[in-house]
Structure formats: C-alpha cells, structure tokens
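# Understanding the architecture of this molecule
Chain by chain, the residues run as shown.
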Amino acid sequence: MAGDTIITVVGNLTADPELRYTHNGLAVANFTIASTPRVFDRQSNEWKDGEALFLRASVWREFAEHVASSLQKGSRVIAQGKLKQRSFETKEGEKRTSIELDIEEIGPSLRYATAQVTRSSGGSRGDFNGGGQQRSFGGQQRAPQAAPAQDEPWGQPQGNAGFGGGNTASGWATPGQTPDYDEPPF
C-alpha cells in the first residue's frame with residue numbers, strides 16, 4: 001500500500017516463535033529478529049559483531065502456523081514486511097512507542113544452512129488464496145480453487161504469462177517436445 005515502509009531484515013530469531021490464537025480463533029506468531037552487522041576492526045585486523053538491532057515481528061493466520069512449525073531459536077532468516085509504529089501508555093502513565101515488523105514474507109537464509117521445503121496441503125500456486133483456507137472478500141466467502149493434479153511439485157504456470165508461447169496452452173513444452181522459441185526460458 002502507498003505510504004507503507006517496507007523493509008527487509010536478515011538476522012537470527014532470539015527465541016522460538018510464540019504461537020497463540022485470538023478469541024476468534026486466528027493464529028498469530030510473535031518473535032524477535034536480531035540483526036547484527038559485522039564491522040572490521042582495523043586495530044585488531046579482524047571482523048567483529050556490531051551493535052544488534054532487535055526487531056519484534058508478527059505473522060498471522062495459516063502463515064503463523066507455518067512459521068511456528070518451521071523456525072526456531074537461532075534460525076537465520078530473511079524477512080520482509082511493513083514497519084508499524086504503535087503508541088501505548090504503561091500502567092504508570094508513561095507514554096511509549098514501539099516499532100514492529102508486520103511480516104509479509106519470511107524464510108530461512110541458506111548462507112550457512114540447507115533447508116528442505118515441504119509444501120503445505122492445499123497450498124496455493126501463487127494465486128494468493130492462502131493455502132486452502134477460506135477467505136472473505138467483500139463480505140462473501142470464497143473457497144480457493146482446487147489445483148489440478150501435477151507431476152511437478154510447484155505446478156505449472158497458468159496461461160503463457162510471457163514465457164514465449166511454447167507448445168502447450170500453459171506456455172511450457174511438454175516432455176519430448178521442443179519449445180517454439182529461440183531462447184531458453186531462464
């Protein structure tokens with residue numbers, strides 16, 4: 001949305017994500033990401049940790065359950081989201097402000113680790129239906145469209161989507177066929 005402050009943070013989780021449910025049954029996972037810059041100390045001629053930034057983050061719904069079951073304390077992550085400022089008053093009457101990250105995307109960093117990705121059941125193919133759960137659009141409930149059976153784990157693109165045509169309606173050549181374009185699709 002226009003005017004939102006979108007940032008990307010790379011850091012480590014300081015604790016396991018805390019998964020809770022609202023009184024309406026919505027899942028929310030809260031956690032803190034510590035992003036520590038590396039600085040070169042010329043006197044000792046070595047790299048040292050700079051001052052860490054601790055950023056509180058949250059993620060909602062099925063996404064929260066995925067985060068809670070996939071990440072744990074110490075996981076190095078790459079997270080992107082909207083910075084949100086929240087003002088509140090303590091019990092003593094002091095006014096405080098906190099900055100939090102409303103996560104839009106998060107995943108493990110593969111710089112120092114490997115990961116095995118498992119698609120959740122009923123997951124979307126990039127059509128933003130939220131992995132099989134019903135969503136409300138303008139007061140109406142819509143169930144996500146069922147994905148067709150596929151041989152490939154991540155599915156095939158819908159339409160030609162600018163992939164140069166190909167020999168099928170999806171824009172991809174089927175096995176054993178030669179695509180009808182000169183350049184590779186990557």
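Residues numbered from 1 in each chain as written. Predicted model: local features only at pLDDT ≥ 70, side-chain atom pairs only at ≥ 80, totals over all residues. Heavy atoms only, no water.

As a reminder of what qualifies: UniProt positions are given in the numbering used here, feature names are shortened, and annotations may be inferred rather than shown by experiment.
Under the annotation held in an unreviewed UniProt entry, the chain carries the name Single-stranded DNA-binding protein and is attributed to Pseudoclavibacter albus. Here the chain is described in UniProt, under the heading Subunit (unreviewed entry), as follows: "Homotetramer."

### Describing the overall build of the chain
Applicable threshold: For the purposes of this entry, the term helix denotes a DSSP run of H or I that reaches at least four residues, the term strand denotes a run of E that reaches at least two, and both are numbered from the N terminus. For every residue, the accessible area (1.4 Å probe, protein chains only) is compared with the maximum for its type, and the residue is labelled buried under 20%, exposed over 50%, or partly exposed between those bounds. Working rule for contacts: check all heavy atoms of both residues, and any pair within 4.5 Å makes them a contact. To measure how exposed things are, a 1.4 Å probe is used in the Shrake-Rupley method; for residues, cover is taken only from the protein chains shown.
Of regular secondary structure, the chain possesses one helix and 10 strands. Ordered by position from N to C terminus, the α and β elements of the chain give β-β-β-β-β-β-α-β-β-β-β. A burial count over the chain gives 20% of its 186 residues as buried. Counting contacts in the chain only where the partners sit at least 6 residues apart, residues at least 24 apart contribute 49% of the total. As displayed, the chain has an accessible area near 13600 Å², and 49% of this comes from carbon and sulfur atoms.

### Quick look at the environment of Ser44
Where we set the bar: Under this definition, polar contacts are N or O atom pairs within 3.5 Å; protein pairs additionally need one hydrogen-donor-capable and one acceptor-capable atom, and for neighbouring residues in sequence, both atoms have to be side-chain atoms.
Along the chain, the position of Ser44 falls in the loop between β4 (38-41) and β5 (46-49). Judged by its relative accessible area of 32%, Ser44 is partly exposed. Polar side-chain contacts of Ser44 include one of 3.3 Å to the side chain of Asp41.

### With respect to the side chain of Ser109
Here Ser109 shows up in the loop between β8 (95-108) and β9 (135-137). Non-local contacts of Ser109, meaning those with residues more than four positions away in its chain, are made with Arg76, Val77 and Ile78.

### A short note on the nonpolar core
For the record, the criterion: Note on terminology: a nonpolar core comprises buried Ala, Val, Leu, Ile, Met, Phe, Trp, Tyr and Cys residues joined through side-chain atoms within 4.5 Å.
Within the largest apolar cluster, 17 residues are counted, with the highest numbers of intra-cluster contacts made by Phe31, Ile33, Val59, Leu101, Ile103 and Ile106. Within the residue set of this core, elements represented by two or more residues are β1 (6-13), β3 (27-35), β6 (53-60), α1 (61-70), β7 (76-89) and β8. Here the element with the most residues in this core is β3; it accounts for four residues. In contact with Leu101, not counting residues within four places along its chain, are Ile7, Val9, Leu55, Arg56, Ala57, Ser58, Ala79, Gly81, Lys82 and Leu83.

### Focus: the environment of Ala64
By secondary structure assignment, the location of Ala64 is in helix α1. For the pair formed by Ala64 and Leu19, sequence separation is 45 residues and the distance between their alpha carbons is 7.1 Å. Residues contacting Ala64, with those up to four places away along its chain left out, are Leu19, Ala27, Val28, Ala29 and Val59.

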